[in-house]
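Chain and residue survey
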Amino acid sequence: MCGIVGAIARRNVSKILIEGLSRLEYRGYDSSGVAINNEEGVYSHRAVGKVQALKDKFEVQPLDGKMGIAHTRWATHGKPTEANAHPHFSGDDLALVHNGIIENHEPLRRELKDKGYEFKSETDTEVIVHLIHDAMKTQPDLLKAVQVTLTKLHGAFAIGVVQKDDNDRFIAARKGSPLVVGVGIEENFVASDQLALLHVTDQFIFLEEGDVVEVSRDGVSIYDAKGDLQERPISVFNHNIDATDKGEFRHYMMKEIYEQPKVISACLEGRISESKVLTSCFGADSAFLKEVENVHIVACGTSYHAGMVAKYWIEDLAGIPCSVEVASEYRYRKVAVPKKTLFLTLSQSGETADTLAALRMAKELGYLTTLAICNVPSSTLVRESALTLLTNAGPEIGVASTKAFTTQLTALLITSVAIAVENGLSAEKEKALVQALRSLPAHVNDALLQDAHIKEVADRFANKHNALFLGRGTMYPIALEGSLKLKEISYIHAEAYPAGELKHGPLALVDEDMPIIALVPHNDMLDKLKSNLQEVAARGGELYVFADKDTDLNNEENIIFTEVPKVDSILEPIVHTIPLQLLSYHVAVVKGTDVDQPRNLAKSVTVE
Ligand code: M6R
């Protein structure tokens, strides 16, 4: 989604801003722009397409100045055109960048038009800059005019504003969309996330909801929603900076797929002993584990699929009811909350608008407590949840979630066992599960050894237009995740079904043009699944089977077989995910799509 970078320094900031935008490219966008302040005024370049198009404009006509704001836009109101790209101006006095959506932009636009303001774009953003301009007629101080304006806006936003003839400060604010301050030496910055500023600082201040910040070379002054000056702590970014580097890999996605053994180990570290789950991993307040009688899991996209797997684990191991719901549905319905229910959110980014809204709603509904399983320690979701279990996957840059998903599953399995222990799971069974978890990184590594074979399988997919994924039990959510991954990056239409549903409808689709991807774990559903495969084979369908050797399945007519390591059945959903990630990746490479930044998608979905 949209990304913001702002900078003020004693040096030219244009390169800092553009490098910041390049670092935000992974979030997804369709146009970009920069405004630079200098002694003569505020000047800007805007371009449609990649940040490279903006760089090309700077090559032709450099803009130099010691303060500026920059933006990558993911179109919501108005097409991705240069006119709709940010920054937006009010006259030549003010320039503004904005992330989020202003829900009441239509009445505001009408009011401003009545006052004589002319609109040059179709965006909701343009109302903000004119409103600030209008407020300055009675309140000439930019900071105060911004504070007045924010009270008129409905919706979620983060903004950055610069003013002509004021080269010593800019103003930024956040409500509902992320914004972080980067603290330097005689230079300071803001950005939508820390990664955008790692080339200039590793010290960050996380703004809270409603904060307005005045950013100058010598420091930052932060005002809360009431207008009171606040001190906010500085945190040091402690990930290895190489985490944002592709290294030897062609795409971030492939790098992140290959990082999984390492990051799953990081997720397990300090959370399990030789034989037990260490409940201290939930923080000082792990007493909820003894009390919880129900679990509600809420998430979006891939994170939702992780939650679906956890439902099987929690009900099977702990024997307590668990429901899973997509956040965009949960947040708009009346939810019945049984006594002693844990509200559990899952999110890679911790900034997904629907998940955050669901959490805020849940806090009013009498849940036992709120637990976030999240990858970004500084995220809004983590800060607003009572308890957190970090997935420790490190920055995930590829839009298609890979290592974030398998570490979510790892964290969920830890959580499921911890809840189960308080619900009668024997010490012996706990030890067996913990030992299975300890073996997980090695099994994921073994699954990656099929990469070359899967690359060959992917060649057969390049000319397909549809695909059907089948699984039973915990393999059903993995089938959903496999189909999401394939459609997301290769643009092949894919669906997933519980295999038992085949004859209730989707079998009608099966013919020699429809590849069927079957996830076949070696468990007590094996014979049932084999019957489902027979039904497909009998209709000429081409079967791509992912199974371990002991299933007795193999390459034969109509079956393209990929071996998946034989593991404890509890680990099967995690280990079976790996070949599906590799399949989607290689299909996308064959098709020549933009693997890391698929069309129309954003990494961090900060608007509804
Ligand atoms: O950051 P989150 O985990 O909350 O994001 C939720 C979804 O937007 C995300 O999982 C999306 O489905 C992925 N791009 C899928 O690969």
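Residues numbered from 1 in each chain as written. Predicted model: local features only at pLDDT ≥ 70, side-chain atom pairs only at ≥ 80, totals over all residues. Heavy atoms only, no water.

1. As for empty space enclosed by the protein
Heads up, the condition is: Buriedness for pockets is judged along seven lines, at least five of which must meet protein on both sides within 12 Å for an open set on the 1 Å grid over protein atoms alone, while cavities are sets there where a 1.4 Å probe fits but cannot get out, and lining residues have an atom within 4 Å of a point. Grid points are joined across faces, edges and corners, and a volume is the space filled by probe spheres set on the points. When residues are grouped by polarity, Ala, Val, Leu, Ile, Met, Phe, Trp, Tyr, Cys and Pro land in nonpolar, Asp, Glu, Lys and Arg in charged, and all others, Gly among them, in polar.
Within the structure shown, the criterion is met by one cavity of 30 Å³ or more. Approximately 50 Å³ is the volume found for the largest cavity. Lining of the largest cavity is provided by Cys2, Arg73, Trp74, Thr76, His86, His98, Gly100, Thr123, Asp124 and Thr125. In terms of residue class, the lining of the largest cavity is built from two nonpolar, six polar and two charged.

2. Side note on the packing of aromatic side chains
How we decide: The pairing test for Phe, Tyr and Trp rings, Trp by its six-membered ring, is centres within 6.5 Å, and the orientation test on the planes gives stacked under 30 degrees, edge-to-face over 60, and tilted for anything in between. Helix and strand assignments follow DSSP, with helices taken as H or I runs no shorter than four residues and strands as E runs no shorter than two, numbered in order from the N terminus. Each residue gets one of three labels from its accessible area relative to the maximum for its type: buried under 20%, exposed over 50%, partly exposed in between, using a 1.4 Å probe on protein chains only. Ring-over charges, as used throughout, are those where CZ of Arg or NZ of Lys falls within 6 Å of the ring centre and within 35 degrees of the ring normal.
Considering all chains together, one arrives at six aromatic pairs under this definition. Judged by centre distance (5.0 Å) and plane angle (55 degrees), the ring pair of Phe343 and Tyr367 falls under tilted. Separated by 24 residues along the polypeptide, Phe343 in strand β18 (residues 341-347) and Tyr367 in the loop between α11 (353-362) and β19 (369-374) bring together distant segments of the chain. By the burial criterion, Phe343 is buried, and Tyr367 matches it. Among the aromatic residues, those joined into a ring-pair cluster are Tyr330, Phe343 and Tyr367. Lying across the ring of Tyr491, Arg599 places its NZ or CZ 3.8 Å from the centre.

3. A few points about the side chain of His45
Defined as follows: Two N or O atoms count as a polar contact when they lie within 3.5 Å, although within protein this holds only if one can serve as hydrogen donor and the other as acceptor, and sequence-adjacent residues are included solely when both atoms are side-chain atoms. We call two residues in contact when some of their heavy atoms are within 4.5 Å.
Within the secondary structure, His45 is located in strand β3 (residues 41-48). When its relative accessible area of 9% is taken as the criterion, His45 is described as buried. Engagement of the side chain of His45 in a polar contact is seen with the backbone oxygen of Gln61, the distance being 2.8 Å. Setting aside residues no more than four positions away along its own chain, His45 makes contact with Ser32, Gly33, Val34, Leu54, Lys57, Phe58, Gln61 and Leu63.

4. Examining the nonpolar core
Nonpolar side chains tend to gather and get buried jointly when the protein is soluble and globular. Worth spelling out the cut-off: Definition of nonpolar core: a set of buried residues of the types Ala, Val, Leu, Ile, Met, Phe, Trp, Tyr and Cys, connected through side-chain atoms within 4.5 Å. Annotation comment: domain bounds sourced from an automatic or database domain assignment.
Formed by 89 residues in total, the largest nonpolar core has its most connected members in Val295, Ile297, Leu344, Phe461, Phe469 and Ile517. The leading source of residues in this core is helix α13 (residues 403-421), at 10 residues. Mapped onto the domain boundaries, this core takes at least three residues apiece from domain 2 (243-448) and domain 3 (449-597). Ile16, Ile18, Leu63 and Val200 belong to the second-largest nonpolar core, a separate cluster that totals 32 residues.

5. Some thoughts on the sheet that holds strand β7 (residues 155-163)
As a reminder, the rule being used: In this description, strands pair whenever DSSP reports at least two bridges between them. With axes taken as lines fitted to C-alpha atoms, and helix axes fitted only over the stretch in contact, angles between N-to-C directions fall between 0 and 180 degrees.
Strand order in the open sheet made by the seven strands is β5-β6-β7-β8-β12-β13-β14, with antiparallel pairing throughout. Here the strands that pair on one side only, and so sit at the sheet edges, are β5 (88-90) and β14 (229-230). Across four bridges, strand β8 (residues 166-175) lies against strand β12 (residues 212-215) in antiparallel orientation. What sits directly across from Ala172, in β12, is Val213. On top of the sheet, helix α4 (residues 125-135) reaches β5, β6 (94-102) and β7; it is set at about 130 degrees to β6, its chief contact.

6. Points about the domain arrangement of the chain
A common way to state how big an interface is: give the accessible area lost once the parts meet. One can read the domain layout of the chain as domain 1 (3-238), domain 2 (243-448) and domain 3 (449-597). On a C-alpha basis, the centroid separation for the pair domain 1 and domain 3 is 45 Å.

7. Some words on the environment of Thr593
When you line up the elements, Thr593 lands in the segment after α18 (572-591). For Thr593, a relative accessible area of 15% corresponds to the buried category. Residues Thr593 and Ile489 lie 104 residues apart in sequence; the distance between their C-alpha atoms is 6.9 Å. Sequence-distant contacts of Thr593, that is, excluding residues within four places in its chain, are made with Ile489, Ser490, Tyr491 and Ala588.

8. With respect to the site of the ligand
Filter applied, for reference: Consider each residue's heavy atoms; a residue with any of them within 4 Å of a molecule or strand counts as near. Throughout, the Shrake-Rupley method with a 1.4 Å probe supplies accessible areas, and for residues the shown protein chains are the sole cover considered. Here the criterion for a molecule occupying a pocket or cavity is that more than half of its atoms lie within 2 Å of the pocket grid points.
In the region of the ligand, 15 residues are neighbours, and Ser303, Ser347, Gln348, Ser349 and Thr352 sit closest. In this structure, Ser303 approaches the ligand through a side-chain N or O atom, which is 2.6 Å from an oxygen atom. Surface burial for the ligand is 90%, taken as the share of its 420 Å² of free accessible area covered by protein chains. The cavity where the ligand resides is the second largest pocket. Taken together, the elements giving at least two residues each to the shell around the ligand come down to α9 (301-318) and α16 (475-490). Residue composition of the shell around the ligand, grouped by class: five nonpolar, eight polar and two charged.

9. Remarks on the packing of helix α15 (residues 451-459) against α18
We count it as follows: Put simply, angles under 35 degrees are roughly parallel, angles over 145 are roughly antiparallel, angles from 65 to 115 are roughly perpendicular, and the rest are oblique. If you view the pair so one helix is near and one far, a crossing is left-handed when the near helix is turned anticlockwise from the far one by less than a right angle, and right-handed when it is turned clockwise.
It is at 8 Å that the axes of α15 and α18 come closest, and there the two elements cross at 50 degrees. By the criterion of interaxial angle, the relationship of α15 to α18 is oblique. Here α15 runs over α18; the crossing is right-handed. Residues Asp451, Ile454, Lys455, Val457, Ala458 and Asp459 of α15 pack against Pro579, Leu582, Leu583, His586, Val587 and Val590 of α18. When its residues are assigned to classes, the contact of α15 with α18 shows eight nonpolar, one polar and three charged.

10. Focus on unusual backbone geometry
In this structure, Pro87 follows His86 across a cis peptide bond, with omega equal to 5 degrees. Mapped onto the elements, Pro87 comes out in the loop between β4 (67-73) and β5. Despite not being glycine, Asp165 shows a phi value in the positive range, around 70 degrees. With respect to the helices, strands and loops of the structure, Asp165 is situated in the loop between β7 and β8. Look at Glu186: it is not a glycine, yet its phi comes out positive at around 55 degrees. Examined against the element boundaries, Glu186 turns out to sit in the loop between β9 (180-183) and β10 (188-191).

11. Here we look at the sheet that holds β18
Pairing is parallel in the open sheet, where five strands are placed in the order β17-β16-β18-β19-β20. In this open sheet, the two strands that pair with only one neighbour each are β17 (322-326) and β20 (387-390). Averaged over all neighbouring strand pairs, the angle between strand axes comes to 20 degrees, with direction disregarded. Of the strand pairs in this sheet, strand β16 (residues 294-299) and β18 are connected by five bridges, and their pairing is parallel. For Val298, the partnering residue across the bridge sits in β18 and is Thr345. Against the sheet, α11 contacts β16, β18 and β19, and its axis sits at roughly 165 degrees relative to β18.

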